[in-house]
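Each chain, letter by letter, is given below.
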Amino acid sequence: MTDISPADYIVVGGGLTGCVVASRLSRFVGGGGENPKVVLLEAGPDPSGNPAVAGFLSGLSLLGGDYDYGFMTEPVPGTAERVHTLNVGKVLGGGSILNLGGWLRADAADYDDWAEAVADERWSYGGLKPWLRKTEHFLSDSNSPEAEPDAEQYGLGGPIQVAPVSVGEAGIRKYPLREPVRDAWTELGVQFNPRRKNGRNTGLTEFCENARDGMRQPSQTVYPLDGNDNPVRVYTNTLARRVILSEDGVATGVELADGRKITAQKEVILCAGALRTPQLLMLSGIGPSADLKAHNIPIVRDAPDVGQNLHDHFALYLAYRLRDPSLGYALGSTAFHQKQDPKFSNSPLPWDWVVSQPLPAEISEKHQETSSSSSNDTTGKQQQQQQQQRNTWEVITMYVPPIPGIPLDGTHIATSTMLLRPTSRGTVTIRSSDPNDAPRIQPNHLSTALDRDTLVHAVQTTLNAMLETSAMKPIVAGESPPAFVGKIGAAAESGEGPDNTESGIDLVPLTEDASPEVLEDRIRRTGLAHAHPGGTAAMGKVVDTEGKVLGIRGLRIADASVVPIPLGGHPQATLYAMAEQLVSFIIRDYSS
């Protein structure tokens, strides 16, 4: 078996950030006119030629297939001991092949909190804004001046086309419930915020997408890996076993699962994601010593924070039965499709608005008092105090119900109510020394009272908007519970218990006057992770603010695992910008 010839840089993981890093490095020309030699390793296949990849709705068929790791969590105590499936890209392009296309930055204050957490202004909103803008090519439409992008805030010349729903491709997508949904939230006092001035997302904003002609823009196409004089050497279906480390703590290359090796002349850059990167670090001898010893892995560096600090957005989907489905309010009805341009038969999911809101004072202050009386943790107190100023929850209204058991026949619309800044933290560790074994994941969703109270409040407000406002009450007849609650605990994991069945548990429709206890019960039994994990190789704990692994030379991380705190919005816009900034540090070092 022949080893792969050496490269200057080895990028492990060909997902969203890995393609950015590999592409930018291969196109950089050094002072002497030389290009760095770049190898990109991806555990999954190349999706080229698969027609389902091109569209967002067709892409839903890829979930659970060959392009998806489909990791299973441990039973989660805070969610009725349920085992959750985590959709994670195992394909060139990674999550950009499986996601739903949302381009929703975090709030400016979230980025500022990131900078404060790591004491580096390059990760503040001001520090990240040039990189956010560098990725974007925002569309505008003179017919929608309220959605006109602010050129000081948004990019107009980047590789990724981005547009609000009403602006994309001449504003063809105009959904019948656009105005009623907007009016419902306005009726509840949510401020309309069309331009997101100064990077603030608070209020009612329009959903933005990274679609082009209604189709996907995968990372390996917007950041090409070939087509220049120095193409990236891409190896798909190629699983990394470990980073090769010298006795004095220098990353010298990568060993593959099949035994082959590759030498890195300059750096190894891990872009395997928030769930695989900590696993790869541990398999390489970098991680909590107890976990490494348990699997007979030689310890290169005892790094107790590897695999800790797992954070993820957690959401409750709710479906609403329409009073008159013949009016064409939801995808699946003949009238709905007749109202849409045929060009968008395979468009992104039908949605319009995003609501982002902080907690009311009475809830945040309750938790500040609890924190003050029970803890001397200054950081924890600061996090509690920020809940009153920061957006802590988000609601998206969808004109299709992606909910088990709810028919896709135009009879229902749906909402996603999501926890933006969870205080719960989980862990990722290894099951064995075999890279083919999935990591052991315990997300610990809803393990804090603050998270539970935040989501209960958010769900109550969502029900009020959909069921009680004068704008939506004539349209919506009531909430329809899902048909099943998912896998239940360890029995399901072993195959002995229920598997995606109702299991005798009756779910009753939620009403606008449902008690907090009823709402919390529904959240625990049916809420889902939103596939936005991060933090497991956190900046300031595992890596420095340029992504370099602490205590190891020649090893860097450039994926969601380094994001130290939960951020609002949806991650891909942030991750593209983060990768751009991190690769600029690598290029600077290469040039020096």
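Here the structure is a predicted model, which means the values were calculated and not measured.

A closer look at the overall build of the protein chain
Then, in step 1: Across its full length, the protein chain carries 17 helices and 23 strands.
Then, in step 2: Scored against the burial criterion, the 592 residues of the protein chain give a buried share of 58%.
Then, in step 3: Long-range pairs, those at least 24 residues apart, make up 74% of the contacts in the protein chain between residues at least 6 apart in sequence.

Some points on the UniProt feature "domain: Glucose-methanol-choline oxidoreductase N-terminal" (unreviewed entry) in the protein chain
Then, in step 1: Taking the UniProt record as the reference, the feature "domain: Glucose-methanol-choline oxidoreductase N-terminal" (unreviewed entry) is found at residues 89-112 and 273-287.
Then, in step 2: With 73% helix and 13% strand, residues 273-287 has its two end C-alpha atoms placed 16 Å apart.

Some words on helix 9 (residues 273-283)
Then, in step 1: With respect to burial, helix 9 is a largely interior element, eleven of its eleven residues being buried.
Then, in step 2: Those residues of helix 9 not exposed but buried are Gly273, Ala274, Leu275, Arg276, Thr277, Pro278, Gln279, Leu280, Leu281, Met282 and Leu283.
Then, in step 3: The positive-phi residue at the C-terminal boundary of helix 9 is glycine 285, with phi of around 95°.

Thoughts on the packing of aromatic side chains
Then, in step 1: All told, the structure shown has twelve aromatic pairs when counted by the stated rule.
Then, in step 2: On the numbers, 4.9 Å between centres and 15° between planes, the contact of tryptophan 114 with tryptophan 123 is stacked.
Then, in step 3: Each residue in the set Tyr9, Phe28 and Tyr590 is aromatic and connected to the rest through ring pairs, giving one cluster.
Then, in step 4: Above the face of the phenylalanine 192 ring, arginine 182 is positioned so that its terminal group lies 3.9 Å from the ring centre.

Concerning the environment of leucine 204
Then, in step 1: As for its position among the elements, leucine 204 is in strand 7 (residues 203-206).
Then, in step 2: With a relative accessible area of 0%, leucine 204 lands in the buried category.
Then, in step 3: Taking the C-alpha atoms as reference points, leucine 204 and valine 190, separated by 14 residues in sequence, lie 6.4 Å from one another.
Then, in step 4: Once residues lying within four places of it in the same chain are set aside, the contact partners of leucine 204 are Arg182, Trp185, Thr186, Val190, Gln191, Phe192, Asn193, Pro194, Trp353, Val354 and Val355.

Section: the nonpolar core
Generally speaking, a soluble globular protein has its nonpolar side chains buried in company with each other.
Then, in step 1: Core analysis: the biggest nonpolar cluster contains 86 residues, and Trp114 and Leu555 have the highest contact counts within it.
Then, in step 2: It is helix 17 (residues 571-591) that contributes the most residues to this core, twelve residues altogether.
Then, in step 3: Setting aside anything within four residues of it in sequence, one finds tryptophan 114 in contact with Trp123, Leu128, Met539, Val563, Pro564, Ile565, Leu567, Thr574 and Met578.
Then, in step 4: Membership of the second largest hydrophobic core comes to 53 residues, among which are Leu104, Leu322, Trp353 and Trp393.

Quick look at the environment of glutamate 42
Then, in step 1: Structurally, glutamate 42 is set in the loop between strand 2 (38-41) and helix 2 (56-59).
Then, in step 2: Distance from glutamate 42 to valine 234, taken between C-alpha atoms, is 7.7 Å for residues 192 residues apart in sequence.
Then, in step 3: Glutamate 42 has contacts with Gly13, Gly14, Gly15, Lys90, Val91, Leu92, Tyr235, Thr236, Asn237 and Thr238, leaving out every residue within four places of it along the chain.
Then, in step 4: Looking at glutamate 42, its side chain comes within polar contact range of the main-chain nitrogen of valine 91, at 3.2 Å.

Focus: the pairing of strand 2
Sheet faces and side chains relate simply in a regular strand, where the side chains alternate between the two faces.
Then, in step 1: Burial of strand 2 is two-sided: the residues Val38 and Leu40 facing one way and the residues Val39 and Leu41 facing the other way are all buried.
Then, in step 2: Bridge count between strand 1 (residues 4-12) and strand 2: four bridges; the pairing is parallel. Paired with valine 12 across the strands is leucine 41, a residue of strand 2.
Then, in step 3: Two elements, strand 2 and strand 9 (residues 233-235), share three bridges in a ladder whose sense is parallel. Looking across to strand 9, one finds that valine 39 is bridged to arginine 233.

Brief notes about the pattern of salt bridges
Then, in step 1: According to the stated counting rule, one finds 28 salt bridges in the structure shown.
Then, in step 2: Here glutamate 206 makes a salt bridge to arginine 178, at a shortest N to O gap of 3.2 Å. With a gap of 28 residues between them, glutamate 206 in strand 7 and arginine 178 in helix 7 (residues 178-187) connect regions that are remote in the sequence.
Then, in step 3: In this structure glutamate 206 comes out as buried when scored by relative accessible area, which is 7%.
Then, in step 4: Look at arginine 178 and you get buried, because its relative accessible area is 10%.
Then, in step 5: A cluster of three or more residues bridged by salt bridges with shared partners is formed by Asp120, Arg122, Glu267, Glu546, Lys548, Arg556, Arg588 and Asp589.

Quick look at the packing of helix 4 (residues 108-118) against helix 5 (residues 125-135)
Then, in step 1: Two elements in contact, helix 4 and helix 5, have axes whose closest approach is 8 Å; the angle formed by their N-to-C orientations is 115°. Each of Ala108, Tyr111, Asp112 and Trp114 in helix 4 lies in contact with helix 5, whose residues at this interface are Tyr125, Leu128 and Leu132.
Then, in step 2: Residues that form the contact of helix 4 with helix 5 fall into these classes: six nonpolar, no polar and one charged.

Side note on the side chain of threonine 417
Then, in step 1: With respect to the element layout, threonine 417 can be found in strand 18 (residues 412-419).
Then, in step 2: One polar contact links threonine 417 to threonine 462, side chain to side chain, over a distance of 3.0 Å.
Then, in step 3: Excluding its chain neighbours within four sequence positions, the residues that come into contact with threonine 417 are Phe314, Ala315, Leu316, Glu394, Val395, Leu455, Ala458, Val459 and Thr462.

Notes on empty space enclosed by the protein
Then, in step 1: Applying the stated criterion across every chain, the model contains five cavities of 30 Å³ or more.
Then, in step 2: The volume enclosed by the largest cavity comes to roughly 150 Å³.
Then, in step 3: The wall of the largest cavity is formed by 18 residues, among which Leu104, Arg105, Arg196, Asn201 and Thr205 lie closest to the centre.
Then, in step 4: Taken together, the residues that form the lining of the largest cavity break down as seven nonpolar, six polar and five charged.

Describing the sheet that holds strand 8 (residues 208-209)
Then, in step 1: Taken in spatial order, the three strands line up as 5-6-8 in an open sheet, and their pairing is mixed. For this open sheet the edge positions go to strand 5 (136-138) and strand 8, each flanked by a neighbour on one side alone.
Then, in step 2: In the packing of helix 5 onto the sheet, contacts are made with strand 5 and strand 6 (160-164), and the angle to strand 5 comes to roughly 65°.

Topic: helix 1 (residues 16-27)
Then, in step 1: Between its first and last C-alpha, helix 1 extends 17 Å over twelve residues, near the 16 Å set by a 1.5 Å rise per residue.
Then, in step 2: Counting buried positions along helix 1 gives ten out of twelve residues, so the element sits mostly inside the fold.
Then, in step 3: Where helix 1 is concerned, the buried positions are Leu16, Thr17, Gly18, Cys19, Val20, Val21, Ala22, Ser23, Leu25 and Ser26.
Then, in step 4: Considering only its buried residues, helix 1 is in contact with strand 1, strand 2, helix 8 (219-222), strand 12 (261-270) and helix 17.

Points about the packing of helix 1 against helix 17
Packed helices, taken two at a time, are described by the angle between their axes plus the distance between the axes.
Then, in step 1: It is the contact of helix 1 with helix 17, at a shortest axis distance of 9 Å, that shows an interaxial angle of 35°. By crossing handedness, the relation of helix 1 to helix 17 is classed as right-handed. Contact residues: Leu16, Thr17, Val20, Val21, Arg24 and Leu25 in helix 1; Gln572, Leu575, Tyr576, Met578, Ala579, Glu580, Val583, Ile586 and Ile587 in helix 17.
Then, in step 2: The residue inventory of the contact of helix 1 with helix 17, partitioned by class, reads eleven nonpolar, two polar and two charged.

The rules we used
- Residues numbered from 1 in each chain as written.
- Predicted model: local features only at pLDDT ≥ 70, side-chain atom pairs only at ≥ 80, totals over all residues.
- Heavy atoms only, no water.
- Helix = DSSP H or I, 4+ residues; strand = E, 2+ residues; numbered from the N terminus.
- Buried < 20%, exposed > 50% of the residue type's maximum accessible area, 1.4 Å probe, protein only.
- Contact = heavy atoms within 4.5 Å.
- UniProt positions renumbered as here; feature names shortened; annotations may be inferred.
- Phe/Tyr/Trp six-rings, centres within 6.5 Å; stacked < 30°, edge-to-face > 60°.
- Lys NZ or Arg CZ within 6 Å of the ring centre and 35° of its normal.
- Core = buried A, V, L, I, M, F, W, Y, C linked by side-chain atoms within 4.5 Å.
- Polar contact = N/O pair within 3.5 Å; in protein donor to acceptor, adjacent residues only side chain to side chain.
- Pairing = 2+ DSSP bridges.
- Salt bridge = Lys/Arg side-chain N within 4 Å of Asp/Glu carboxyl O.
- Axes fitted to C-alpha atoms, helices over the stretch in contact; angles between N-to-C directions.
- Nonpolar A, V, L, I, M, F, W, Y, C, P; charged D, E, K, R; others polar.
- 1 Å grid on protein atoms, 1.4 Å probe; cavity = no way out; pocket = protein on both sides within 12 Å on 5 of 7 lines; lining within 4 Å.
- Points joined across faces, edges and corners; volume = space filled by probe spheres on them.
- Expected span 1.5 Å × (residues − 1).
- Left-handed = near helix turned anticlockwise from the far one by under 90°.

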